[in-house]
Amino acid sequence: MSLQIDISAERSILETAIWRNRLLLGIVLAHLLIALSISNVADTPFWSGAAVVLLDILQRLLTVAAVCLIAWRLAYGMIYAKPKKPIQWLLSDLKSFVLDFDKILDRLICIVAITVMATSFTFLKDIVPTLNPYGWDPLFAALDRVLHFGSDPWQWLWPVLGTPPVTRFLDITYGLWFVLLYIGLFAAIFDPRSPARSMVFLVAFSLTWILGGNLLATVFSSAGPVYFEAFGFGSEFSEQMLQLSAIDQATPLWSSDAQQLLLTNYDSPGKIRGISAMPSMHVATSVVLTMFAFSYARWLGWIMVAFTGLILIGSVHLGWHYAVDGYASIPLTVAIWFMSKALVRRFGPTSDQTDPFANNR
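Not measured: the values here are computed from a predicted model.

Explanation requested: helix H8 (residues 153-161) in the structure shown.
Residue pairs three or four apart in sequence face the same way in an α-helix, which turns once every 3.6 residues. Those residues of H8 that sit buried are Pro-153, Trp-154, Trp-158 and Leu-161. Buried positions in H8, seen along its axis, are confined to an arc of 125° and lie on one side of it. Across H8 from its buried face, at more than 90 degrees, point the exposed residues Pro-159 and Val-160. Close packing links the buried residues of H8 with helix H7 (137-147), helix H9 (164-190), helix H11 (238-250), helix H14 (298-317) and helix H15 (323-347).

Below, the structure is given as structure tokens:
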């Protein structure tokens with residue numbers, strides 16, 4: 001009898017956790033089913049090498065997150081709680097954290113959901129040219145020139161940014177995006193103060209990748225300036241690529257290595273694949289991080305505004321994107337953010353009735 005009660009209680013806790021996270025789970029499940037259906041129709045294996053890489057990174061970052069959690073709680077104890085026995089206090093604090101089954105279950109559900117979303121996204125990104133061959137590049141390049149008074153945007157930027165130190169700085173900033181992305185994810189998943197705020201970020205984060213990185217990337221299939229010549233669109237960007245190559249010889253650029261790796265793996269089952277330019281997911285997800293940062297504090301939000309600006313500039317200067325890729329990403333992501341807020345108010349965690357954005361309007 002006791003065993004039956006325990007099983008029923010655990011089942012009830014699990015069902016309640018799934019219901020609390022039903023919005024995120026529903027989005028991820030729908031995305032997965034679409035990816036599996038396309039895999040079946042296109043006769044293309046769903047599981048890609050890149051997904052393995054993503055899972056490996058996730059595993060490593062979970063380890064780092066655990067270490068950071070221990071360090072954070074120890075620092076909190078020493079600064080604020082000031083226990084007589086810090087280690088004993090830390091063990092007790094971590095024990096209470098681990099035994100908070102509801103929160104642990106929520107976090108595990110969110111981690112699994114985001115991992116599944118990333119896997120589905122990677123598969124769909126890899127087969128963009130299969131579903132719709134690259135063809136929008138000439139139009140986006142021409143639109144860039146119209147918007148920038150007859151010149152390519154990189155030509156405007158080069159006199160100011162075209163030095164090894166500045167280009168290297170933008171290259172490092174572009175790579176820092178990966179770190180901030182995971183910091184944002186772990187903040188949303190592990191911060192217990194406002195489940196609604198966290199869910200808004202996770203939903204907006206997922207929808208940005210799905211709608212921007214999969215749907216629009218397929219509809220507006222394009223490769224970007226760095227691949228303009230490689231895919232037969234002309235030599236308009238060859239001068240930019242030559243100048244970036246010269247800087248790469250002086251100070252190695254991560255972007256140059258990554259761009260070459262993507263091109264090498266384009267027609268092969270390499271672990272790192274998937275080329276698409278419109279919209280810029282670096283810019284789009286930076287906007288999501290910016291909106292999330294504003295929900296914590298205005299000063300943090302403005303720091304992220306500056307970071308997003310650097311990402312937009314870097315995406316053009318380093319040859320990854322046309323300027324319009326970034327321009328289009330900004331209103332798209334802001335719209336997704338506010339749509340996510342509305343969805344969370346309707347379908348989000350019922351345990352948090354307060355508006356996490358009330359103090360930041």
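Next, the rest of the story.
When you look at the nonpolar core in this model, what are you seeing that I'm missing?
For soluble globular proteins, nonpolar side chains are generally found buried alongside one another. The biggest cluster of nonpolar side chains holds 71 residues, and the ones touching the most others in it are Phe-201, Leu-202, Phe-205, Trp-209 and Trp-337. With eleven residues, helix H10 (residues 195-219) is the single largest residue contributor to this core. Those residues in contact with Trp-209 that lie beyond four places of it in its chain are Met-117, Phe-121, Trp-177, Leu-181, Asn-214, Met-281 and Thr-285. In this structure, Ala-35, Phe-123, Leu-124 and Ile-127 belong to the second largest nonpolar core, which totals five residues.

For this particular structure, what's the right way to read the confidence of the model for the chain?
Per-residue pLDDT for the chain has a mean of 85; in total, 86% of the residues score no lower than 70. In the model of the chain, helix H1 (residues 2-20) stands out as the element of lowest mean pLDDT, 64, in contrast to helix H13 (residues 281-294), which has the highest, 97. Predicted confidence for residues 1-9 stays below pLDDT 50, and this span has zero contacts to residues more than four positions away or in other chains. Low pLDDT (under 50) marks residues 351-361, which in the prediction has 24 contacts with non-local residues, meaning those over four places away or in another chain.

Would you mind showing me how to read unusual backbone geometry here?
Residues apart from glycine generally show negative phi values, whereas peptide bonds are mostly found in trans. Of the consecutive residues Met-278 and Pro-279, the connecting peptide bond is found in the cis state with omega at -10°. Position of Pro-279 relative to the elements: it lies in the loop between helix H12 (254-264) and H13. Non-glycine residue Phe-149 carries a positive phi angle of around 60°. Structurally, the position occupied by Phe-149 is in the loop between H7 and H8.

Quick notes on the rules
- Residues numbered from 1 in each chain as written.
- Predicted model: local features only at pLDDT ≥ 70, side-chain atom pairs only at ≥ 80, totals over all residues.
- Heavy atoms only, no water.
- Buried < 20%, exposed > 50% of the residue type's maximum accessible area, 1.4 Å probe, protein only.
- Helix = DSSP H or I, 4+ residues; strand = E, 2+ residues; numbered from the N terminus.
- Arc of directions from axis to C-beta.
- Contact = heavy atoms within 4.5 Å.
- Core = buried A, V, L, I, M, F, W, Y, C linked by side-chain atoms within 4.5 Å.
- pLDDT = per-residue confidence, 0-100.

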